[in-house]
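Observations on chain architecture
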2 protein chains.
Amino acid sequence: MDFQTYFPIWPSLTPAQQARLLAGLSERSAKKGAVLHSGGDCTGLLLIKSGQLRACILSDEGREITIYRLFDRDICLFSASCMIRSIQFDVTIEAEKDTELWVIPSEVYRRIMEESAPLANYTNELMAGRFSEVMWLVEQIMWKSMDRRIAAFLLEEAAIEGEARLHVTHETIARHLGTHREVVTRMLRYFQSEGMVRLSRGLVELTDEAALRALGNG
Amino acid sequence: MDFQTYFPIWPSLTPAQQARLLAGLSERSAKKGAVLHSGGDCTGLLLIKSGQLRACILSDEGREITIYRLFDRDICLFSASCMIRSIQFDVTIEAEKDTELWVIPSEVYRRIMEESAPLANYTNELMAGRFSEVMWLVEQIMWKSMDRRIAAFLLEEAAIEGEARLHVTHETIARHLGTHREVVTRMLRYFQSEGMVRLSRGLVELTDEAALRALGNG
């Protein structure tokens, strides 16, 4: 499988545009935990071949919150924020699993986008998708209590991993949700007392997904 | 002043595209307080001639929070969310002042955007601008305490109105910020005790903008 099959708008580009894109392309691997992009850098667009990334924002005090995640075939736009003038915020991109990816230089992408309606419209769809995820997040942090958000996070993790035994620390959950470890620990102990999870060192096992779902969707 | 001078990408469209845009256009007025768009409707793009709109989201329980505001020459994209498939959230658009505007039908805009790289790239910039405002909001609600957010809101209002005597109720401030009236009232009374504002019925007068600024930026 090569780049062409991963990049959905490929057939709508002209041969000259395709050639420029390929010429600019580079491959990269990132180990779990590696930071691929931070702050105002213009790293380029990241197209994920395999693996998992998360985009988060950081506070001045070093707190953080996950704003969205990226999986196989996803494209990360905001690691190339210099490409679009009106993007006035910085994200940090971190590998959540060992990840193989392509990097498309911002300037190469921007120039093709300027002349290609298909690529510009595709970029619109990408941005709208991320925008929708951030709007979901706003609704969560405004109107959902932390117990519901933790329940929803555990179910999301179980869906991503395809299993109910999650190797995740309380600290990691707290960083995803933008809260403190103590808050997560207290809530998980409450979940355990209700029979919804079983806790052991570095492990959260979901024992009543239906109850968690009722809580998370509530 | 006509539509052409308000729509910045006008000169980059072909004569045929310009004609289609003009043919689809309609003018509309909205009184202060009127709801111009809500939920999953596809009202069309709104281009503001004069006035002021706000975009907000609503919770199931009827709570709300302002996500951004629109002024003269601004274009509202999310009142035409059917135009872009990946927009998966609903906003409500309300007139904050008597407003004159043009409505561009979503389908007309979408078809031109599909074939016009300049219009598609312009739409990207519009969306990125709103995205940046929502990211700012996420940072505010995650990491700023309510006293700072109220101080920042009062200063923003004073800047918009060009004056320090604000005709705004505690209820209205609460709705903008997604909190309860009681929280706002308590905080404004504290501000008054610190000499930062003077309160009277339906009026908040800023008496120490420097102190409010120090708080709002803190």
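What counts as what
- Residues numbered from 1 in each chain as written.
- Chains lettered and ligands numbered in written order.
- Predicted model: local features only at pLDDT ≥ 70, side-chain atom pairs only at ≥ 80, totals over all residues.
- Heavy atoms only, no water.
- Disulfide = S-S within 2.5 Å.
- Helix = DSSP H or I, 4+ residues; strand = E, 2+ residues; numbered from the N terminus.
- Buried < 20%, exposed > 50% of the residue type's maximum accessible area, 1.4 Å probe, protein only.
- Pairing = 2+ DSSP bridges.
- Least-squares fit on C-alpha atoms with pLDDT ≥ 70 in both.
- Contact = heavy atoms within 4.5 Å.
- Phe/Tyr/Trp six-rings, centres within 6.5 Å; stacked < 30°, edge-to-face > 60°.
- Lys NZ or Arg CZ within 6 Å of the ring centre and 35° of its normal.
- Axes fitted to C-alpha atoms, helices over the stretch in contact; angles between N-to-C directions.
- Parallel < 35°, antiparallel > 145°, perpendicular 65-115°, else oblique.
- Left-handed = near helix turned anticlockwise from the far one by under 90°.
- Nonpolar A, V, L, I, M, F, W, Y, C, P; charged D, E, K, R; others polar.
- Core = buried A, V, L, I, M, F, W, Y, C linked by side-chain atoms within 4.5 Å.
- Buried area = accessible area lost by both parts, 1.4 Å probe.
- Salt bridge = Lys/Arg side-chain N within 4 Å of Asp/Glu carboxyl O.
- Polar contact = N/O pair within 3.5 Å; in protein donor to acceptor, adjacent residues only side chain to side chain.
- pLDDT = per-residue confidence, 0-100.

Describing the state of the cysteines
Summed over all chains, the structure comprises two disulfides over all chains. Paired by a disulfide, C42 of chain A and C82 of chain A hold their sulfur atoms 1.6 Å apart. Of note, the bridge from C42 of chain A to C82 of chain A carries an S-S torsion of about -80° and is left-handed in sense. Taken together, the positions of C42 of chain A in the loop between β2 (35-37) and β3 (45-50) and C82 of chain A in the loop between β6 (75-76) and β7 (92-95) put the pair 40 residues apart, joining distant regions of the chain. Note on C42 of chain A: relative accessible area 33%, which makes it partly exposed. For C82 of chain A, a relative accessible area of 48% puts it in the partly exposed group. The thiol sulfur of C56 of chain A is not disulfide-bonded, and the nearest other cysteine sulfur, from C76 of chain A, lies at 11 Å. A disulfide-free cysteine, C76 of chain B has its sulfur positioned 11 Å from the sulfur of C42 of chain B, the nearest such atom. Note on C76 of chain B: relative accessible area 1%, which makes it buried.

Examining the sheet that holds strand β10 (residues 197-200) of chain A
Residues and elements named next belong to chain A. Pairing within the open sheet is antiparallel, and its three strands lie in the order β9-β11-β10. One side of each edge strand has no neighbouring strand; the edge strands of this open sheet are β9 (165-166) and β10. By the bridge criterion, two bridges tie β9 to strand β11 (residues 203-206) in an arrangement that is antiparallel. The residue bridging L166 from the neighbouring strand is V204, located in β11.

Describing the relation of the copies chain B and chain A
Mapping chain B onto chain A leaves a residual RMSD of 0.0 Å; the transformation is a rotation of 180° accompanied by 0.0 Å of translation along its axis. Those values place the two copies in the arrangement expected of a two-fold rotation axis. Closest approach to the rotation axis among the C-alpha atoms of chain B is made by A117 of chain B, whose C-alpha sits 1.9 Å away. The fraction of interface residues of chain B whose copies in chain A are also interface residues reaches 100%, indicating that both copies meet through the same surface.

Considering the sheet that holds strand β6 (residues 75-76) of chain B
Residues and elements named next belong to chain B. One open sheet holds the four strands; their spatial order is β1-β8-β3-β6, and the pairing between them is antiparallel. The open sheet has two free edges, formed respectively by β1 (26-30) and β6, since each of these has just one partner strand. Bridge analysis of β1 against strand β8 (residues 99-104) gives five bridges, and the strand direction is antiparallel. Bridging from a neighbouring strand, A30 pairs with T99 of β8.

Examining the packing of aromatic side chains
Under the counting rule described, the total for this entry stands at 21 aromatic pairs over all chains. Ring centres of F3 of chain B and W102 of chain B lie 5.5 Å apart, and the angle between their planes is 80°; on these two criteria the pair is classed as edge-to-face. Of this pair, F3 of chain B sits in helix α1 (residues 3-6) while W102 of chain B is found in strand β8, placing the two residues 99 residues apart along the sequence. By relative accessible area, which is 3% here, F3 of chain B ends up buried. Note on W102 of chain B: relative accessible area 4%, which makes it buried. An aromatic cluster is defined as three or more aromatic residues linked by ring pairs; in this entry it consists of Y68, F78, F89 and F131 of chain A together with Y68, F78, F89 and F131 of chain B. Lying over the aromatic face of Y68 of chain A, R130 of chain A brings its terminal NZ or CZ to 5.1 Å of the ring centre.

Considering the packing of helix α6 (residues 170-177) of chain A against helix α7 (residues 181-193) of chain A
Residue and element names in this part refer to chain A. With their axes 8 Å apart at the nearest point, α6 and α7 run at an angle of 115° to one another. On the basis of their axis angle, the class for α6 and α7 is roughly perpendicular. Seen from above, α6 lies across α7 with right-handed handedness. Listed contacts from α7 to H170, E171, I173 and A174 of α6 are R181, V184, T185 and L188. Tallied by class, the residues present in the contact of α6 with α7 amount to four nonpolar, two polar and two charged.

Structural notes on the nonpolar core
Residues F7 and Y109 of chain A together with F7 and Y109 of chain B are the most contacted members of the largest nonpolar core, which totals 108 residues. Discounting chain neighbours no more than four positions away, the residues touching F7 of chain A are L13, L21, L47, I75, I104, Y109, L119 and Y122 of chain A.

Describing the interface of chain B and chain A
Listed as interface residues are 40 residues of chain B and, on the opposing side, 40 residues of chain A. Both faces combined, the contact of chain B with chain A buries some 3,400 Å², and carbon together with sulfur accounts for 71% of it. If you sort the residues of chain B by the area they bury against chain A, E125, F131 and W143 of chain B come out on top, with a joint share of 21%. Our count for the contact surface shared by chain B and chain A stands at zero salt bridges. For the pair chain B and chain A, the interface holds 13 residue pairs in polar contact (both at pLDDT 80 or more).

So, the pairing of β10 of chain A
Residue and element names in this part refer to chain A. By the bridge criterion, four bridges tie β10 to β11 in an arrangement that is antiparallel. The partner of R198 across the bridge, within β11, is E205. Hairpin geometry of β10 and β11 is characterised by an intervening segment of two residues between the two adjacent antiparallel strands and by a positive phi of about 70° at G202.

Concerning the confidence of the model for chain A
All names here are of chain A. When pLDDT is averaged across chain A, the result is 93; 99% of the residues are at 70 or more. Helix α8 (residues 209-217) is the least confidently modelled element of chain A, averaging 90 in pLDDT, while strand β8 (residues 99-104) averages 97, the highest of any element. Overall fold confidence (pTM) sits at 0.89, and the ipTM for the predicted complex is 0.88.

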